[in-house]
Amino acid sequence: MTTVEEVAPDVFLAAGTDVNVVILRDGDALTLIDGGYPGDVGAVEGAIRSLGRAPEDMQGMLLTHAHIDHMGAIAAFHERYGIPVFTDPTEVAHARRDYLEQATGKDFIPMLHKYGVLPWLLRIARVGATRSLSVGDAQAFASSGPLDLPGAPVPVATHGHTSGHSAYHLPQHGVVITGDALVTAHPLSKVRGPQLLPKVFDHGKQDTVSALDHLAVLDAETVVPGHGPAVFMPIAVAVEQARERSR
Ligand SMILES: [Zn+2]
């Protein structure tokens, strides 16, 4: 049974394997933001069906960024149902796998003795972490303001974790979906609460820190991260905590 938390009206947080997906609802229509690992497709579909909807009800799918733990169900539903996939203009080539900005197995070998690494690697291997995945016809957002999709998410460029990472702001609900620009927990971190990911995951550490500036100015008191639970605090406070912990 997939647990789905309604973190704000018509904004749902569901869990894949150590990673989050978000579903926005507008009447019968849905937007999916991120899609877990390839092995999380069933869980994401279960979350959609628990809302009395089907994957075909999605009018579009959004990637915060093109890491495999965020692309699983998105690639699958795109293939099965032809639902369009949108991301930041800079991230499109990454989603197409013209290049890869993600840590791979060899990056973790020197870390195997560290907190949480081995059980996490075994867990994610079972859900397809080592598979190669791409969305060949991912598209750039049509506009920079609210997107013409259920929930009207507003992209917020937060380049750093990947070169074209995007958060999504829902101004009408005071919600920000931060993806991996800011998380609240991770199996490789002993800390709970707003933080950056362990640096092995970030393509550009300095840019990841700078990108926090773009989050801090948003009007939002519900923070929905790519990893860890939603937290209910002003995003500026969450950013400050993440900054402190990254020092
Ligand atoms: Zn990532």
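Residues numbered from 1 in each chain as written. Predicted model: local features only at pLDDT ≥ 70, side-chain atom pairs only at ≥ 80, totals over all residues. Heavy atoms only, no water.

- For the protein chain, an unreviewed UniProt entry supplies the name MBL fold metallo-hydrolase and the organism Rhodococcus xishaensis.

Section: the sheet that holds strand S11 (residues 222–225)
Move 1: With respect to topology, four strands assemble into an open sheet ordered S8-S9-S10-S11, the strand pairing being mixed. On the outer flanks of this sheet lie strand S8 (154–157) and S11, each paired with one strand and no other. Averaged over neighbouring strand pairs, the angle between their axes works out to 25° when direction is ignored.
Move 2: Relative to strand S10 (residues 175–179), strand S9 (residues 166–170) runs antiparallel, the two being bridged by three bridges. Paired with Tyr168 across the two strands is Ile177, which belongs to S10. (Pairing = 2+ DSSP bridges. Helix = DSSP H or I, 4+ residues; strand = E, 2+ residues; numbered from the N terminus. Axes fitted to C-alpha atoms, helices over the stretch in contact; angles between N-to-C directions.)

Description of the pattern of salt bridges
Move 1: Enumeration according to the criterion identifies nine salt bridges in this entry.
Move 2: Salt-bridge contacts for Asp202 lead to Lys205; the nearest nitrogen and oxygen are separated by 3.4 Å.
Move 3: The class of Asp202 is buried, set by a relative accessible area of 9%.
Move 4: Residue Arg247 pairs with Glu244 through a salt bridge whose shortest N-O separation is 2.6 Å.
Move 5: Residue classification places Arg247 among the exposed positions, given a relative accessible area of 68%. (Salt bridge = Lys/Arg side-chain N within 4 Å of Asp/Glu carboxyl O. Buried < 20%, exposed > 50% of the residue type's maximum accessible area, 1.4 Å probe, protein only.)

A closer look at helix H2 (residues 68–81)
Move 1: Across its 14 residues, H2 extends 20 Å between first and last C-alpha, which sits within 8% of the 20 Å expected from 1.5 Å per residue.
Move 2: Judged by how many residues are buried, H2 sits mostly within the fold: eleven of 14 residues are covered.
Move 3: Those residues of H2 lying buried are Ile68, Asp69, His70, Met71, Gly72, Ala73, Ile74, Ala75, Ala76, Phe77 and His78.
Move 4: Buried residues in H2 make contact with strand S4 (29–33), helix H1 (41–50), strand S5 (58–62), strand S6 (85–87) and helix H3 (92–95).
Move 5: Where H2 ends, the next residue or the one after it, Gly82, has phi of about 70°, a positive value. (Expected span 1.5 Å × (residues − 1). Contact = heavy atoms within 4.5 Å.)

Observations concerning the nonpolar core
Move 1: Residues Ile23, Leu32, Met58, Met61 and Phe77 are the most contacted members of the largest nonpolar core, which totals 41 residues.
Move 2: Only strand S2 (11–15), strand S3 (20–26), S4, H1, S5, H2 and helix H5 (117–125) provide two or more residues apiece to this core.
Move 3: Tallying contributions element by element places H2 first for this core, with seven residues.
Move 4: Discounting residues that sit within four places of it in the chain, Phe77 has contacts with Leu32, Val41, Val44, Glu45, Ile48, Pro55, Met58, Met61, Gly82 and Ile83.
Move 5: One finds Val22, Leu24, Leu62 and Val224 within the second-largest nonpolar core, a separate group that totals 18 residues. (Core = buried A, V, L, I, M, F, W, Y, C linked by side-chain atoms within 4.5 Å.)

Brief notes about the environment of Asp202
Move 1: Its location among the elements puts Asp202 in the loop between S10 and helix H6 (205–216).
Move 2: For the pair Asp202 and Leu100, spaced 102 residues apart in the sequence, the C-alpha separation amounts to 12 Å.
Move 3: Residues contacting Asp202, with those up to four places away along its chain left out, are His161, Leu197 and Thr208.
Move 4: Within the local environment of Asp202, its side chain forms a polar contact with the side chain of Lys205, the two groups lying 3.4 Å apart. (Polar contact = N/O pair within 3.5 Å; in protein donor to acceptor, adjacent residues only side chain to side chain.)

Structural notes on the pairing of S5
Within a regular strand, side chains alternate between the sheet's two faces.
Move 1: In terms of residue burial, S5 counts as a mostly covered element, since four of its five residues are buried.
Move 2: As judged from the four bridges shared by S4 and S5, these two strands associate in the parallel manner. Directly across from Ile33, in S5, lies its bridge partner Leu62.
Move 3: The β-α-β motif built from S4, the intervening H1 and the parallel element S5 has right-handed crossover chirality.
Move 4: Taking the sense of rotation as the criterion, the β-α-β connection linking S5, H2 and S6 turns out right-handed. (Right-handed = clockwise from strand over helix to strand, strands pointing away.)

Focus: the environment of Val4
Move 1: Relative to the elements of secondary structure, Val4 occurs in strand S1 (residues 4–8).
Move 2: Considering only alpha carbons, one finds Val4 and Ile23, 19 residues apart in sequence, at a separation of 9.4 Å.
Move 3: Contacts of Val4, omitting those with residues within four sequence positions, involve Phe12, Leu13, Ala14, Ala47, Ser50 and Leu51.

Points about the side chain of Thr17
Move 1: Along the chain, Thr17 falls in the loop between S2 and S3.
Move 2: Looking at Thr17, its side chain comes within polar contact range of the side chain of Asp40, at 2.7 Å.
Move 3: Setting aside anything within four residues of it in sequence, one finds Thr17 in contact with Tyr37, Asp40, Arg123 and Val127.

Notes on the coordination of the zinc ion
Move 1: Binding of the zinc ion to the protein goes through His65 (NE2), His67 (ND1), His161 (NE2) and Asp180 (OD), at separations of 2.1 to 2.3 Å.
Move 2: Sequence positions of the residues that donate to the zinc ion give the spacing H-x1-H-x93-H-x18-D.
Move 3: Using a relative accessible area of 0% as the deciding quantity, one classes His65 as buried.
Move 4: Look at His67 and you get buried, because its relative accessible area is 3%. (Donors = N, O, S within 2.8 Å, 3.2 Å for Na, K, Ca; no water.)

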